[in-house]
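Descriptive structure summary
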Amino acid sequence: MQPDLSTVQDWLAQIPDPEIPAISLVDLGIVRDVGYEDDTLVVTVTPTYSGCPATAIIALDIETELLKRGADKVKVRQQMSPAWTTDWISDEGREKLRAYGIAPPQQGAATCAGMLSAQNAACPQCGSDNTEVISQRGSTPCKAQFRCRDCLEPFDYFKAI
Amino acid sequence: MDAFVTFCLRMGDNALILGQRTAEWCGHAPVLEEDIAFANMGLDLIGQTQLWYGLAAEAEGKGRTPDDLAFLRPERQFLNSLLVEQPNTDFGHALMRQYLFDAWHLPMQEELAKSSHEGVRGLAQKTVKEVRYHLDRSRDLIVRLGDGSEESHKRMQDALDWLWPFTADLLATDEVDAQMADEGIAPVPALIAKAFDAETQATLARATLTIPETRLRRTGGRDGIHTEHMGYILAEMQSLQRTYPGARW
């Protein structure tokens, strides 16, 4: 079977990110292209961090899911350039992150000079801006640890890159 | 060896060996947050290694994979700077080594992001964002610990005194660098040296640390002549592939 491309997009939008299952691969903005090369369905993805351990799992998940849905031949291609940025996370994805308890990255990552510009990441629990950095690194390379000074809850912030 | 392959291996070997050293903190760092930070930075660096080895292997055209380059080369063929192979010793040494490397790595990646070589440019445009975070963190901690307690100041100064001569190997240049600069693939080395000096002078002064007045320059790593620590790193890192050649997960 050679499903049409919009159907494939819909399927991809249902594959969760392996580390943050609250959002899909499409929400994350890493699916750059979907197309056919002869009879092979080629999905082009951009890795998030160079060393992100989820990269291989993501490729495997895409292949498994599309084959399961009935595609005949699937190939996942890695594309480095242009480099992924958190600006590609969809608005819907940002809202899902917040609901999941992860403060979404600030927009404008391309001009973001790094961590210190994110001092006021809003607390995903109570919405307060009165927050502080605990550590520049969190449970995954893409997140930092923050604490809310109002509700005192610690939370993950998805770093802008 | 082809100059471009040498250049890519030097970049990749720096990232791999520092990543390996950094990963040694996993489960051992003084606080949980730093433990996680070191492990995550190691991941970034090892990810970057794969990209550099990918470019090197493709240009070399001998069918070697990034894994072959990491696990099957002997010590003399590793071209990382001597700085990154220095032992962890204590947390101060590890942080100072990281900071000195980052102070060189960020301006290097910023320039490589404008490289005439498409593969290098794509790689650097990605990794420069990661490296920016690395320097943010190491600079912050150098200042806090250097300008901290008497004990933390002493440890940071000891680390700086020990590691400073090895920075010569980061900044060393030869005909490979000249050729890369001529072809617009990599920046003119003097440009990076200038950025490194500006960064380290400003930050170390803020950290109340004194750059040692030594004329000792430790170089050779970029040509494969390493300190005694390198063999131990490779013995551990390569043991599985040496014992069970071709083993796969």
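No experiment lies behind these values; they were computed from the predicted model shown.

**Some details on the overall build of chain B**
Secondary structure assignment for chain B yields 12 helices and zero strands. Along chain B, from the amino end to the carboxyl end, the secondary structure elements read α-α-α-α-α-α-α-α-α-α-α-α. For 249 residues, the compact-globule estimate of 2.2 N^0.38 gives 18 Å, and the C-alpha radius of gyration of chain B, at 17 Å, lies within 12% of that figure. Referenced to the eigenvectors of the C-alpha coordinate spread, the extents of chain B come out at roughly 55 × 40 × 30 Å. Buried residues in chain B amount to 55% of all 249 residues. Long-range pairs, those at least 24 residues apart, make up 83% of the contacts in chain B with a sequence separation of at least 6. Between the mean site of the 25 positive side-chain charges and the mean site of the 38 negative ones, chain B shows a separation of 1 Å.

**Some remarks on the interface of chain A and chain B**
Across the boundary between the two partners, chain A contributes 27 residues, which contact 22 residues of chain B. Regarding the contact of chain A and chain B, the summed buried area is about 2,000 Å², with carbon and sulfur atoms giving 57% of it. Of all residues in chain A, the largest losses of buried area upon contact with chain B belong to Ser50(A), Met80(A) and Arg137(A), amounting jointly to 32% of the total for that side. For the pair chain A and chain B, the interface holds one salt bridge. Between Arg137(A) and Asp44(B) there is a salt bridge, with the nearest N and O atoms lying 3.3 Å from each other. Seen at the junction of chain A and chain B, the total is eight residue pairs in polar contact (both at pLDDT 80 or more). Its residues placed into classes, the side of chain A that touches chain B shows 14 nonpolar, 11 polar and two charged.

**Regarding the packing of helix α2 (residues 32–60) of chain B against helix α5 (residues 91–112) of chain B**
Residues and elements named next belong to chain B. Between α2 and α5, the shortest axis-to-axis distance is 13 Å and the interhelical angle comes to 40 degrees. Taken together, the axis directions place α2 and α5 in an arrangement best described as oblique. Here α2 runs over α5; the crossing is left-handed. Contacts between α2 and α5 involve Glu34, Phe38, Met41, Leu45, Gln48 and Trp52 on the former and, on the latter, Phe91, Ala94, Leu95, Gln98, Phe101, His105, Gln109 and Leu112.

**Some details on the pattern of salt bridges**
Residues and elements named next belong to chain B. Counting across every chain of the model gives 28 salt bridges over all chains. Here Glu110 ties to Arg132 by a salt bridge, and the two come within 3.5 Å at their closest N and O atoms. Remark: Arg132 occurs in helix α6 (residues 118–146) and Glu110 occurs in helix α5; sequence separation between them is 22 residues. With a relative accessible area of 34%, Glu110 lands in the partly exposed category. Of the charged contacts in the structure, one is a salt bridge between Asp177 and Arg222, with a shortest N-O distance of 2.4 Å. Note that Asp177 is positioned in helix α9 (residues 175–182) and Arg222 in the loop between α10 (189–206) and α11 (229–237), a separation of 45 residues in sequence. What makes Arg222 buried here is its relative accessible area of 12%. Each member of the salt-bridge network shares a partner with another, and the members are Arg10, Asp174, Asp177, Arg222 and Asp223.

**A few points about α2(B)**
Taking 1.5 Å of rise per residue, 29 residues should cover 42 Å, and α2(B) covers 42 Å from first to last C-alpha, within 8% of that figure. The positive-phi residue at the C-terminal boundary of α2(B) is Gly61(B), with phi of around 65 degrees.

**Re the domain arrangement of chain A**
Residues and elements named next belong to chain A. The assigned domain composition of chain A is domain 1 (5–78) and domain 2 (101–158). A C-alpha centroid distance of 28 Å is found between domain 1 and domain 2. Listed as interface residues are four residues of domain 1 and, on the opposing side, six residues of domain 2. Contact with domain 2 buries surface across domain 1, with Glu19, Ile20 and Tyr49 losing the most and accounting together for 79% of the total. Inspection of the region where domain 1 meets domain 2 yields zero salt bridges. Inspection of the region where domain 1 meets domain 2 yields zero residue pairs in polar contact (both at pLDDT 80 or more). Classifying every residue of the side of domain 1 that touches domain 2 gives three nonpolar, no polar and one charged.

**Some thoughts on the packing of helix α1 (residues 3–23) of chain B against α11(B)**
All names here are of chain B. Interaxial distance between α1 and α11 falls to 11 Å at its minimum, and their mutual angle equals 75 degrees. Looking at the two axes, α1 sits roughly perpendicular to α11. Two secondary-structure elements touch here, α1 through Leu16, Ile17, Gln20 and Arg21 and α11 through His229, Met230, Ile233, Leu234 and Met237. Per-class residue counts for the contact of α1 with α11 are six nonpolar, two polar and one charged.

Quick notes on the rules
Sequence order as written defines residue numbering, which begins from 1 separately in each chain. Key to labels: chains lettered from A, ligands numbered from 1, both in the order written. Reporting in this predicted model follows two pLDDT cut-offs: at least 70 for local features of residues, and 80 or more for side-chain atom pairs to be given and counted; totals over whole chains, interfaces and linings ignore these cut-offs and use all residues. Hydrogens and waters are ignored; side-chain quantities use all the structure's heavy atoms. The secondary structure listing takes helices from DSSP runs of H or I that are at least 4 residues long and strands from runs of E that are at least 2 residues long, numbered from the N terminus. Radius of gyration: over C-alpha atoms. The globule rule applied is 2.2 Å multiplied by the number of residues raised to the 0.38 power. For the exposure calls, accessible area comes from a 1.4 Å probe over protein chains only, and a residue counts as buried if that area is under 20% of its type's maximum, exposed if over 50%, partly exposed in between. Working rule for contacts: check all heavy atoms of both residues, and any pair within 4.5 Å makes them a contact. Charge counting follows a simple rule: Lys and Arg are positive, Asp and Glu are negative, and His as well as the terminal groups are ignored. The location of each charge is read from NZ of Lys, CZ of Arg, CG of Asp or CD of Glu. Note: buried area is the sum, over both parts, of the accessible area (probe 1.4 Å) each one loses when the two are combined. Counted as salt bridges are all cases of a side-chain nitrogen of Lys or Arg within 4 Å of a carboxyl oxygen of Asp or Glu. We define a polar contact as two N or O atoms separated by no more than 3.5 Å, with the added condition that, inside protein, one atom must be a possible hydrogen donor and the other a possible acceptor, whereas residues neighbouring each other in sequence contribute only through side-chain atom pairs. Each residue gets one of three labels, nonpolar for Ala, Val, Leu, Ile, Met, Phe, Trp, Tyr, Cys and Pro, charged for Asp, Glu, Lys and Arg, and polar for the others, Gly among them. Axes here refer to lines fitted to C-alpha atoms; in helices the fit is confined to the stretch in contact. Angles between the N-to-C directions go from 0 to 180 degrees. Here roughly perpendicular refers to angles of 65 to 115 degrees, roughly parallel to angles under 35, roughly antiparallel to angles over 145, and oblique to all remaining angles. Each crossing gets its hand from how the near helix is turned against the far one by less than a right angle, where anticlockwise is left-handed and clockwise is right-handed. For a helix, the expected span equals 1.5 Å multiplied by the number of residues minus one. Residue ranges labeled as domains rest on an automatic or database domain assignment.

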